[in-house]
Amino acid sequence: MNEWLLIYDGYEPENEGLREVLCALGNGYIVSRAAATDASADDIHYPGTYLAGGYDRLTTELEGHQIENEDLVNLPNWLPLAMKMGDDDWIIPDRVEFLAYRQELNLRDGVLSRSLRFRDSAGRVTRWDEERIVSMDNQHLAALAVTVTPENWSGPVTFRSGLNGGVTNWGVPRYRKLNGHHLETVDCGVDDGTILTLRSRMVQSRREIALAARTRVEIDGEAIAPTRADAHDDVANAEYDCEAQEACPIHIEKTAAYFNTKDFAASEPQLEAVKLVRRAGPFAELLQAQSLAWRELWEQCDIRVRTTRDGSQLKLRLHIFHLLQTASPHSIGMDVGVPPRGWHGEAYRGHIMWDELFIFPYLNLRMPGVTRALLNYRYRRLDEARRAARDVGLKGAMFPWQSGSNGREESQRIHLNPMSGRWIADNSWRQRHIGAAICYNVWQYFQATEDCDFLVDYGAELFCEIARFWSSLAKRRDDGRYDIDGVMGPDEFHTAYPDADPATQGGLKNNAYTNIMVSWLLVRVFDVLDLIPSDKRRQLCERLDLKEDELERWRDISCSLVIPFHDDGIISQFEGYDALQEFDWDGYRQRFGDLQRLDRILEKEGDDPNRYKASKQADVLMIFYLFSREEIEEIFHRLGYPFSPDLIFKNVQYYTHRTSHGSSLSWVTHAWVLARADRQRSWQLAQTALSGDIANIQGGTTREGIHLGAMAGTVDLIQRCYSGIEMRSGVLTLNPRLPDEVLQMNATLRYRRHTLDVEITQDRLTISSRVMTAHPILIAYREHSRELSPGQSFTFELVEERKIDRPARERAQERARKERIGGGPEDEAA
């Protein structure tokens, strides 16, 4: 099995949308779905190309409501390339008989290949061999090369190459009642008779998109000039009339360029697009540059696993591939976040949500510069978050659950249940835990990079304003503890209490995950302030009008928040959870089978998931996903709640039996939290998560966009969970425990300016630092800590986990702190 090739044999119309997404090509600037060049948007095919951060807003009237939605805009289509024989109709995929059909995605080089043989209604057999790229070398370029071979016929043939600006957002069926006409054509034309041009403008944002394409048709090395070229309405076309000879191949190359009005180093988008396609080399040169760019990425980003079963390596690489197509070095300098469905489709409208929590850990240890750029997306929208908090009578910064162009809340207030056909209230905007996730992401980035400049310039201010928001939301009770009310946790089945009016009484009190995250960040904010120079801290506090009495309130809240419990050590998902009804899982499975979207099933039946102890995804268990046992014990001790070693496993068992896994992230979280207690079950869940999009297990929604958070989460399972990586107190700790099915793992990590080659087997851990100029770092395995300098390598023999009087991780970190050489910010913090 080739572990670099995703291969599909045979044409399956019902799976074409899935393949278009899984074989999509991108570079962090644009992503283009793998639709056939001669396909049009319908229920089988959906050509779509998307610009990172390319949003536009439109209003639709629905059931008496004016609904404004901001969408990731489907750009003008660069792909159109069709053929016809003589005076026959143009060939389209679903009107011919396929004799052979093979589609290959080469992950190593970022190349999509399509090889097909088809018979038309006249009995003519034709072979079509295509290669396609979206350049990782030049973010503006996309190109394809096609060889057409008549196998049993000769005669006239016409090829039509075009650009289509008459596209709409139509890729998500449940959004189709919403206005999707985001583009208006400014002009389209033909430059010098050979280059097609199209300039479009987004209706509300007024952002212009320029597209230009150059097409070359050759027979026996002789170029065929276009017979006709015209542009009208939203379409520019050039047609090439040829005389085909049996078994004589016809070669076609098409090179396209996208520019927009926010690009750097550009005069006018259309001018730049035409200039680039005119200067671009032939497809072979573009392909060579593409291959080199991708191989450089794989050198630093690949994770190699040797397992007892085939398939895991390919799936892992597919997930890394799509992660790099969404967030790449081209993302640096762009004003973009990272969306949960990639830039691959229209699901969630391309909005930025909390999935960064699952995506950034991989980037932190591979391409931290990309993480830094993506975190700046949040900082640039800090003022909008401040305004949102003020509008509801709170202080600090209240970041939105769904964010788009300018950082306002983009979550829907009503959404369609496709099972019932009813539009119902959507309370997901109450997931205020997004702010805590931003703080967590900032802290993890710093732990990986020791980038104090980022804390000074951006991170400390984000931390303080988010801490201030939570402080203003928390209310002190008579017993001295603090409540946080009116929020939701990650589990979107629970939006309010049973029988409450979701419009006026939405939200829950003391969601355990939220409160623990808030306690953590209200402690960590002081570490952040200690890490920045004293003059910068003073200036920040002056600018924010941050006084000692407010800081003291943060300290008080951090150790006094309520964590609800029930049933002898079970953390209640929220206050009142214990009063909910148990759900009849077996009965509903017999009736409905798949219960992932139990909320939709219950709403259709006139029922409400708020009544039941049933979760869409991990909520309480997210605590154990994000924090180590030692960190959780510290948080519980600070809050004054008892902690026992079996608390984690008891809660994992309790909530596992009450979760529908309606979110792709849920499989990742459950695999992670079971990794130490039940490695076999953890690996089974990891396999489910690895197969999530390939097997299309999320109710057929993959065709609307990849599940990038889950993809990145599976990669991080291998990278950090099974390797036991933690970054705390300036020490990189590894405590590997590979599943039995994983025999070996190799990866290259970047940690505090070191490039580390890590090899883990069932028996041994080897860490080597490549030769470069960098200060030594501290690494640890259990009781053993080492100072690692560039050029050095250490090997640790692995031992089975056992109980020890004092956690080995704490001892190693304490010893490392005492042995730390030289001064620095962390010495001040200590």
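About the criteria used
Residues numbered from 1 in each chain as written. Predicted model: local features only at pLDDT ≥ 70, side-chain atom pairs only at ≥ 80, totals over all residues. Heavy atoms only, no water. Axes fitted to C-alpha atoms, helices over the stretch in contact; angles between N-to-C directions. Helix = DSSP H or I, 4+ residues; strand = E, 2+ residues; numbered from the N terminus. Parallel < 35°, antiparallel > 145°, perpendicular 65-115°, else oblique. Left-handed = near helix turned anticlockwise from the far one by under 90°. Contact = heavy atoms within 4.5 Å. Nonpolar A, V, L, I, M, F, W, Y, C, P; charged D, E, K, R; others polar. Pairing = 2+ DSSP bridges. Patch = residues over 30% accessible without salt bridge, like charges linked within 9 Å, V, L, I, M, F, W, Y side chains within 5 Å. Areas by Shrake-Rupley, 256 points an atom, 1.4 Å probe, with all protein chains shown as cover. Salt bridge = Lys/Arg side-chain N within 4 Å of Asp/Glu carboxyl O. Lys, Arg positive; Asp, Glu negative; His and termini not counted. Charge placed at Lys NZ, Arg CZ, Asp CG, Glu CD. Buried < 20%, exposed > 50% of the residue type's maximum accessible area, 1.4 Å probe, protein only. Polar contact = N/O pair within 3.5 Å; in protein donor to acceptor, adjacent residues only side chain to side chain.

(A) Inspection of the packing of helix α5 (residues 356–364) against helix α20 (residues 708–721) at higher detail. Put simply, α5 and α20 touch, their axes get as near as 8 Å, and they point 45° apart. Relative to α20, the element α5 lies oblique. α20 is crossed by α5, and the crossing has left-handed handedness. Across from F358, I359, P361 and Y362 in α5, the residues of α20 making contact are L708, G709, A712, G713, V715, D716, Q719 and R720. Classifying every residue of the contact of α5 with α20 gives seven nonpolar, three polar and two charged.

(B) Summary view of the sheet that holds strand β6 (residues 81–85). Strands sit in the order β6-β11-β17-β16 across an open sheet of four strands; the sheet is antiparallel. On the outer flanks of this sheet lie β6 and β16 (228–232), each paired with one strand and no other. Recorded for the sheet is a direction-independent mean angle of 20° between the axes of neighbouring strands.

(C) Representation of a negative patch on the surface. Residues D567, D568, D578 and D646 make up a contiguous surface patch of negative charge. Inspection of the secondary structure assignment puts D567 in the loop between β24 (565–566) and β25 (570–571).

(D) View of the pattern of salt bridges. The tally for this structure, following the rule as stated, stands at 69 salt bridges. Here R752 and E450 are joined by a salt bridge, their closest N and O atoms 3.4 Å apart. Of the two residues, R752 sits in the loop between β28 (742–751) and β29 (754–761) while E450 sits in the loop between α8 (433–449) and α9 (452–473), which places them 302 residues apart along the sequence. The exposure class of R752 is buried, given its relative accessible area of 5%. Residue classification places E450 among the buried residues on the basis of a relative accessible area of 17%. Connected through shared salt-bridge partners, E184, D187, R199, R201, R206, E208 and E268 make up one network.

(E) Representation of the environment of N69 in the model. In this fold, N69 is placed in strand β5 (residues 65–74). Take N69: its relative accessible area is 5%, and that puts it in the buried class. As for N69 and L178, which are separated by 109 residues in sequence, their C-alpha atoms are 8.2 Å apart. Ignoring sequence-local partners within four residues, the contact set of N69 consists of D56, R57, L58, L178, R349 and Q412.

(F) How the structure looks around helix α2 (residues 269–279). Buried within α2 we find P269, Q270, E272, A273, V274, L276 and V277. The inward-facing, buried residues of α2 abut β10 (141–150), β12 (183–191), β13 (195–202), β14 (208–219) and β18 (250–260). Here α2 starts with a cap whose side-chain oxygen sits 3.0 Å from the backbone nitrogen of Q270, and that cap is E268.

(G) Here's a closer look at the sheet that holds β29. One open sheet holds the five strands; their spatial order is β19-β28-β29-β30-β33, and the pairing between them is antiparallel. A strand with exactly one partner marks an edge of an open sheet, and here the two such strands are β19 (303–307) and β33 (793–797). Each adjacent strand pair in this sheet contributes to an overall mean axis angle of 10°, direction not counted. Pairing of β19 with β28, which is carried by five bridges, proceeds in the antiparallel orientation. If you follow R306 over to β28, its bridge partner there is Q744. Most of the contacts of α20 go to β19, to which it runs at about 80°, and overall it touches β19 and β28.

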